[in-house]
Amino acid sequence: MTENIDHDHFHIFGHKNPDTDSICSSIAYAHLKREMGEKGAKAYRLGEINKETDFVLKHFGIKKPPILHDVRLKLRDLELYQPDTLMPHEPVKRAWDMLVNSDGSRIIPIVCESKEVKGILAMGDVTSIFMEVSDEDVVKRHEILYRNLVDCLGGVEVGGNYKYEKLDGSLYVGMNFDDSTVITDKDVVITGKIDNAWRLAYEFDFGCIILTNGVKPKGLDGAKCSIVCVDYSMFKAVSLVNQAISVGSLMNVGNVVTFSENNYLDDVSDVMRVSKHRNFPVVDKEGALYGIVSRRHLMSNGGKKVILIDHNERSQSVEGLEQAEIVEIIDHHRVADIQTESPLYIRSEPVGCTSTIICKMYRENRVAIPRAIAGAMLSAILSDTLMFSSPTCTPADEAAAAALAELAEVDITEYGRAMFKAGTNVEKTSIDALLATDRKRFTFGKHTAYISQINTLDFAGLATRLNEIFRKMQIYYEKNACDLVMLMITDIVSGGSEILAVGRAKDLLDTAFGMKADEDHIFLPGVVSRKKQIVPILTQIATTGII
């Protein structure tokens with residue numbers, strides 16, 4: 001079974017369409033948290049990694065983080081009850097003993113050998129059968145296995161043999177039949193007198209004779225039927241017959257509500273609240289019992305603990321974030337629209353890269369940085385600052401990079417060029433993949449915009465694909481109910497960016513950068529930072545109308 005939710009587990013991840021900083025900073029921070037005692041800290045990613053990040057991870061031998069689709073609670077994440085189970089052939093007496101000795105569970109799942117749930121036995125079903133008076137028709141109303149009957153009566157089989165697995169005939173008490181009654185070897189009789197037993201054994205073809213009151217079976221050595229001795233009185237023995245009924249003939253089948261382990265808690269909560277039942281079986285993908293969820297789970301489970309890296313905007317984060325408990329944010333962007341119900345730790349600094357902040361945190365906590373982790377953080381800094389050429393770069397970024405390069409045992413310039421070369425080889429990359437590269441959603445006043453950024457050493461190669469790029473941007477614009485779709489193609493060599501734009505809010509770029517109404521792209525020399533040179537200007541124009 002999948003492990004239940006661990007409330008000490010931290011899900012650490014960057015933004016959607018992850019870049020190198022998003023991935024490497026998550027990996028580095030998860031390692032720092034584990035070194036500081038948070039053993040459940042684990043890095044995740046919210047999408048496929050790009051070529052640059054793939055190069056970095058392979059170069060330093062780091063495993064790619066698992067993908068995280070959402071942080072909504074699934075039933076498999078909960079601390080589900082793990083109930084005792086019964087198989088359909090087992091006696092109701094065993095069910096009663098289980099319910100009496102349970103820790104509050106009021107249902108027993110009835111399963112087959114593969115653990116597939118066949119039905120549910122509730123406390124009410126068991127108590128009702130215990131209150132029911134046993135009679136001779138009980139074997140006609142319910143299934144009773146012969147071995148269960150002997151066990152429930154505390155009987156000892158002293159002779160003969162009952163040929164059938166279950167009682168398939170009639171049950172008689174004493175001599176309550178006449179000479180016209182047709183007796184078969186399927187029938188069972190309960191009697192407390194030895195002389196009756198002799199007659200029943202030798203004049204009739206009974207399948208089993210149950211002797212009560214501790215009567216000894218003298219003179220019955222030649223009987224062909226099964227002879228069972230019990231110490232109870234005949235009245236008590238008859239009253240115990242009900243306890244031998246198979247649970248399979250009592251279980252609820254038609255109105256059993258089951259859930260999958262992959263169901264989201266909020267999706268099943270409405271069903272649970274209106275149902276007359278309080279407990280519900282949860283099954284795995286094979287249909288086998290996984291556990292029991294109850295209404296108590298609706299109140300007692302907090303959300304998953306998450307740490308946001310390199311972002312703090314809900315639109316850039318994981319699905320279901322509103323159901324999670326955000327415990328930390330480590331970022332270097334503007335503070336946006338994340339709201340929390342409880343106080344949290346926020347570390348936000350005006351530096352060029354999140355890894356610069358995390359590098360400081362390693363030093364502050366006196367935690368050694370392994371070579372691979374140093375290489376990952378160095379790569380993030382080089383990527384986010386375009387090897388220190390971006391206006392977002394600060395002396396803190398350069399100092400951190402120098403220290404990390406020494407630990408990673410690489411030459412900054414040589415390694416940086418190799419990293420960018422691997423990441424900017426876009427010749428065989430599809431246009432959809434290019435547009436998804438580091439794509440983020442922004443709000444400029446009343447306008448919603450998506451801005452992607454590609455850093456490339458092959459600017460000329462991309463220029464030959466502009467028509468196809470614009471066509472795909474238009475499709476994305478029409479499908480996503482936004483006002484503006486932009487692509488920044490940043491030329492690492494020249495230190496400028498080609499800005500491509502489609503959408504009704506394209507006029508913002510006229511005021512900001514001089515892109516005319518009949519134009520759809522413009523080259524901006526010296527513009528390489530979306531965060532510092534694009535987003536703030538568009539935000540100001542959209543909200544104030546002036547630069």
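Report on the accompanying structure. Nothing here was measured: the structure is a model prediction, and the numbers come from that model.

**Regarding the overall build of the protein chain**
Link 1 in the chain: Scanning the protein chain for helices and strands turns up 19 helices and 20 strands.
Link 2 in the chain: Across its three principal directions, the C-alpha atoms of the protein chain cover 115 × 50 × 45 Å.
Link 3 in the chain: Every one of the 547 residues in the protein chain was classed for burial, and the buried ones make up 52%.
Link 4 in the chain: Mean positive and mean negative side-chain charge positions of the protein chain (62 and 76 charges, respectively) differ by 1 Å.

**Let's talk about the sheet that holds strand E11 (residues 279-283)**
Link 1 in the chain: Strand order in the open sheet made by the three strands is E10-E11-E12, with mixed pairing throughout. Looking along the sheet, the strands with just one partner apiece sit at the ends: strand E10 (259-260) and strand E12 (289-294).
Link 2 in the chain: Where E11 meets E12, five bridges bridge the pair, whose relative direction is antiparallel. Counterpart to Pro281 in the pairing with E12 is Ile292.

**Observations regarding the pairing of strand E9 (residues 226-229)**
Link 1 in the chain: Every second residue of E9 is oriented toward a common face, with Ser226 and Val228 on one face and Ile227 and Cys229 on the other, all of them buried.
Link 2 in the chain: With three bridges joining them, strand E5 (residues 156-159) and E9 adopt antiparallel strand pairing. Opposite Gly159, over in E9, you have Ile227 as the bridge partner.
Link 3 in the chain: Judged from the four bridges that link them, strand E8 (residues 208-211) and E9 form a sheet pairing that is parallel.

**So, the packing of aromatic side chains**
Given two aromatic rings, their pairing is described by the distance between the two centres and the angle made by the two planes.
Link 1 in the chain: Applying the stated criterion across every chain, the model contains nine aromatic pairs.
Link 2 in the chain: Judged by centre distance (4.8 Å) and plane angle (25°), the rings of Tyr146 and Tyr162 are stacked. In this pair, Tyr146 is assigned in helix H6 (residues 146-152) and Tyr162 in the loop between E5 and strand E6 (171-173), connecting sequence segments 16 residues apart. Judged on exposure class, the residue Tyr146 and its partner Tyr162 are both buried.
Link 3 in the chain: In textbook terms, an aromatic cluster arises when at least three aromatic residues are bridged by ring pairs, as seen for Phe55, Phe60 and Tyr415.
Link 4 in the chain: If you follow Arg72 out to its NZ or CZ, it ends over the ring of Tyr264, 3.6 Å from the centre.
Link 5 in the chain: Above the face of the Tyr164 ring, Lys186 is positioned so that its terminal group lies 5.6 Å from the ring centre.

**Here's the deal with the pattern of salt bridges**
Link 1 in the chain: Taken as a whole and assessed by the stated rule, the structure comprises 21 salt bridges.
Link 2 in the chain: In this structure, the salt-bridge partner of Glu328 is Lys33, at a minimum N-O distance of 2.6 Å. Remark: Lys33 occurs in helix H1 (residues 20-35) and Glu328 occurs in strand E14 (residues 325-331); sequence separation between them is 295 residues.
Link 3 in the chain: Given the relative accessible area of 10%, Lys33 is considered buried.
Link 4 in the chain: Note that Glu48 is salt-bridged to Arg45, the shortest N-O span being 3.6 Å.
Link 5 in the chain: A relative accessible area of 56% places Glu48 in the exposed class.
Link 6 in the chain: Members of the salt-bridge network, linked through shared partners, are Arg347, Glu349, Lys360 and Glu364.

**A short note on the state of the cysteines**
Link 1 in the chain: Per the stated rule, a full pass over the model turns up zero disulfides.
Link 2 in the chain: With no disulfide of its own, Cys353 lies 8.7 Å from the sulfur of Cys24, the closest cysteine sulfur.

**Some details on the environment of Ile499**
Link 1 in the chain: The topology assignment puts Ile499 in strand E19 (residues 496-502).
Link 2 in the chain: Judged by its relative accessible area of 0%, Ile499 is buried.
Link 3 in the chain: Sequence spacing of Ile499 and Ser452 is 47 residues, and the spatial spacing of their C-alpha atoms is 10.0 Å.
Link 4 in the chain: With residues up to four places along the chain from it excluded, the contact list for Ile499 reads Met486, Leu487, Met488, Leu509, Met515, Asp520, His521, Ile522, Leu524 and Ile534.

**Some thoughts on the sheet that holds strand E18 (residues 484-491)**
Link 1 in the chain: Spatially, E16-E17-E18-E19-E20 is the arrangement adopted by the five strands of the open sheet, whose pairing is mixed. Strands with a single pairing partner mark the edges of an open sheet, and in this sheet they are strand E16 (440-444) and strand E20 (521-525). Within this sheet the neighbouring strands show an average axis-to-axis angle of 25°, counted without direction.
Link 2 in the chain: In the sheet, E18 pairs with E19 via seven bridges, with the strands oriented antiparallel. Across the sheet, Thr490 pairs through a bridge with Ser497, a residue of E19.
Link 3 in the chain: Contacting strand E17 (447-456), E18, E19 and E20, helix H17 (residues 466-479) runs over the sheet at an angle of about 50° to E19.

**Considering the packing of H1 against helix H2 (residues 51-59)**
Link 1 in the chain: Remark: H1 packs on H2, axes separated minimally by 9 Å, with the N-to-C direction vectors making an angle of 30°. Taken as axis vectors, H1 and H2 run roughly parallel relative to one another. Of the residues in H2, those touching H1 at Thr20, Ile23, Cys24 and Ile27 are Glu52, Thr53, Val56 and Leu57.
Link 2 in the chain: Considering only residue class, the contact of H1 with H2 consists of five nonpolar, two polar and one charged.

**What to know about unusual backbone geometry**
Peptide bonds are mostly trans, and most non-glycine residues show a negative phi.
Link 1 in the chain: Positive phi values are uncommon outside glycine, yet Asn213 reaches one of about 60°.
Link 2 in the chain: Structurally, the position occupied by Asn213 is in the loop between E8 and E9.
Link 3 in the chain: In this structure, Glu409 is a non-glycine residue whose phi angle is positive, near 60°.
Link 4 in the chain: Here Glu409 is to be found in the loop between helix H13 (395-408) and helix H14 (412-423).
Link 5 in the chain: Residue classification places Glu409 among the exposed residues on the basis of a relative accessible area of 62%.

**Here's the deal with the side chain of Asp187**
Link 1 in the chain: Inspection of the secondary structure puts Asp187 in the loop between E6 and strand E7 (188-191).
Link 2 in the chain: Although Asp187 lies buried, it forms no salt bridge, and the closest oppositely charged side chain, Lys140, sits 8.3 Å away as judged by the N-O distance.
Link 3 in the chain: At 2.7 Å, the side chain of Asp187 and the backbone nitrogen of Ser170 are in polar contact.
Link 4 in the chain: Within polar-contact distance, the side chain of Asp187 engages the backbone nitrogen of Thr184 at 2.8 Å.
Link 5 in the chain: Ignoring anything within four residues of it in the chain, the contact list for Asp187 reads Tyr162, Gly169, Ser170, Tyr172, Val182, Phe206, Gly207 and Cys208.

**As for the packing of H2 against H14**
Link 1 in the chain: Where H2 contacts H14, the two axes come as close as 7 Å, and the packing angle between them is 130°. Classified by the interaxial angle, the pair formed by H2 and H14 is oblique. Read as a crossing pair, H2 and H14 show a hand that is right-handed. On the side of H2, the interface is formed by Lys51, Glu52, Phe55, Val56 and His59, while H14 contributes Tyr415, Ala418, Met419, Phe420, Ala422 and Gly423.
Link 2 in the chain: Its residues placed into classes, the contact of H2 with H14 shows seven nonpolar, two polar and two charged.

About the thresholds
Residues numbered from 1 in each chain as written. Predicted model: local features only at pLDDT ≥ 70, side-chain atom pairs only at ≥ 80, totals over all residues. Heavy atoms only, no water. Helix = DSSP H or I, 4+ residues; strand = E, 2+ residues; numbered from the N terminus. Buried < 20%, exposed > 50% of the residue type's maximum accessible area, 1.4 Å probe, protein only. Lys, Arg positive; Asp, Glu negative; His and termini not counted. Charge placed at Lys NZ, Arg CZ, Asp CG, Glu CD. Pairing = 2+ DSSP bridges. Phe/Tyr/Trp six-rings, centres within 6.5 Å; stacked < 30°, edge-to-face > 60°. Lys NZ or Arg CZ within 6 Å of the ring centre and 35° of its normal. Salt bridge = Lys/Arg side-chain N within 4 Å of Asp/Glu carboxyl O. Disulfide = S-S within 2.5 Å. Contact = heavy atoms within 4.5 Å. Axes fitted to C-alpha atoms, helices over the stretch in contact; angles between N-to-C directions. Parallel < 35°, antiparallel > 145°, perpendicular 65-115°, else oblique. Nonpolar A, V, L, I, M, F, W, Y, C, P; charged D, E, K, R; others polar. Polar contact = N/O pair within 3.5 Å; in protein donor to acceptor, adjacent residues only side chain to side chain. Left-handed = near helix turned anticlockwise from the far one by under 90°.

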